[in-house]
Amino acid sequence: MTIIANRIDGRLIHGQVANLWTTKLDITRLMVIDDVVAESTVDKSGLKLATPAGVKLSVLPVKKAADNILNGKYDSQRLMVIAKGPEQFLELVNYGVKIDELNVGNMSQTNETRSIKRSINVTDKDIETFKELNNKGIRIISQMVPNDNSEDFMSLIK
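Note that the coordinates shown come from a computational prediction; the quantities given were computed from them, not determined experimentally.

Q: What am I meant to see in the layout of surface pockets here?
A: Rolled over the atoms, a probe with the dimensions of a water molecule shows which regions are left empty. What the largest pocket holds in volume is close to 270 Å³. Forming the boundary of the largest pocket are 19 residues, of which Ile-4, Ala-5, Asn-6, Leu-25 and Glu-101 lie nearest the centre. Going through the elements one at a time, strand E1 (3-9), helix H1 (15-25) and strand E5 (101-106) are the ones with two or more residues in the lining of the largest pocket. The leading source of residues in the lining of the largest pocket is E1, at 5 residues. Classifying every residue of the lining of the largest pocket by side-chain character gives 11 nonpolar, 3 polar and 5 charged. One number sums up the size of the second largest pocket: a volume of about 160 Å³. Residue lining of the second largest pocket: Gly-10, Lys-84, Gly-85, Pro-86, Glu-87, Met-107, Ser-108, Thr-110, Thr-113, Asn-121, Thr-123 and Asp-126, and that is the complete set. Looking at the lining of the second largest pocket, its residues break down into 2 nonpolar, 7 polar and 3 charged.

Structure (structure tokens):
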């Protein structure tokens, strides 16, 4: 399996992902899965600037990402998959990509969300999606940076 880590982070690629996680996990490719971001040249340019030197970047619609992963395109790489929310990961799994663990790092606050932990804000729809992912056998944790202890995410939303 080429997927080393899966992370939800509303900021996508930024200091924690770019510097801490990629270094700690020896990531060779960051993959952002988001149908909207994949179509935005401005967003993609910003993500390229934030990607560390020596690390490759893919910004793909979820279906294309699933196809590439399932076809073995990244088999020789250490891949970290990043999305803004749980729905992209549920879609990825529904396309047949196996995910063992999902790290919920940062979900931004909006008028529709409620805070369940510092830097993690969810909607009722998010909670239902997390439950679906968990029911598919995916372990869901919360760990902001590598030196933090990981915490069972599902216990935060029950």
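Q: Sorry, what's going on with the side chain of Thr-22 here?
A: With respect to the helices and strands, Thr-22 occurs in helix H1. A polar contact is formed between the side chain of Thr-22 and the backbone oxygen of Ala-18, at a distance of 2.4 Å. Among all residues touching Thr-22, those that are not within four sequence positions of it are Val-17, Ile-27, Leu-30 and Pro-52.

Q: Got a minute to help me understand the pattern of salt bridges in this structure?
A: One side chain can pair with another of opposite charge once the charged atoms of both are near each other. Under the criterion given, the structure shown has 7 salt bridges. Between Asp-67 and Lys-63 there is a salt bridge whose closest N-O contact spans 2.9 Å. Within this pair, Asp-67 and its partner Lys-63 are both found in helix H3 (residues 62-70), separated by 4 residues, close to a single helical turn. Note on Asp-67: relative accessible area 30%, which makes it partly exposed. Three or more residues are tied together by salt bridges with common partners; here these are Arg-7, Asp-9 and Arg-11.

Q: Please clarify how the packing of aromatic side chains should be interpreted in this entry.
A: Two numbers describe a pair of aromatic rings. These are the distance of the centres and the angle of the planes. Per the counting criterion, the structure on display carries 1 aromatic pair. Residues Phe-130 and Phe-153 carry aromatic rings whose centres are separated by 4.5 Å and whose planes lie at 55° to one another, so their mutual orientation is tilted. With Phe-130 in helix H5 (residues 124-135) and Phe-153 in the loop between strand E9 (151-152) and helix H6 (154-157), this pair connects stretches of sequence that are 23 residues apart. Phe-153 matches Phe-130 in its accessibility class, with the two residues each being buried. The residue whose ring lies beneath Lys-63 is Tyr-95, and the NZ or CZ to ring-centre distance is 5.2 Å.

Parameters at a glance
Residues numbered from 1 in each chain as written. Predicted model: local features only at pLDDT ≥ 70, side-chain atom pairs only at ≥ 80, totals over all residues. Heavy atoms only, no water. 1 Å grid on protein atoms, 1.4 Å probe; cavity = no way out; pocket = protein on both sides within 12 Å on 5 of 7 lines; lining within 4 Å. Points joined across faces, edges and corners; volume = space filled by probe spheres on them. Helix = DSSP H or I, 4+ residues; strand = E, 2+ residues; numbered from the N terminus. Nonpolar A, V, L, I, M, F, W, Y, C, P; charged D, E, K, R; others polar. Polar contact = N/O pair within 3.5 Å; in protein donor to acceptor, adjacent residues only side chain to side chain. Contact = heavy atoms within 4.5 Å. Salt bridge = Lys/Arg side-chain N within 4 Å of Asp/Glu carboxyl O. Buried < 20%, exposed > 50% of the residue type's maximum accessible area, 1.4 Å probe, protein only. Phe/Tyr/Trp six-rings, centres within 6.5 Å; stacked < 30°, edge-to-face > 60°. Lys NZ or Arg CZ within 6 Å of the ring centre and 35° of its normal.

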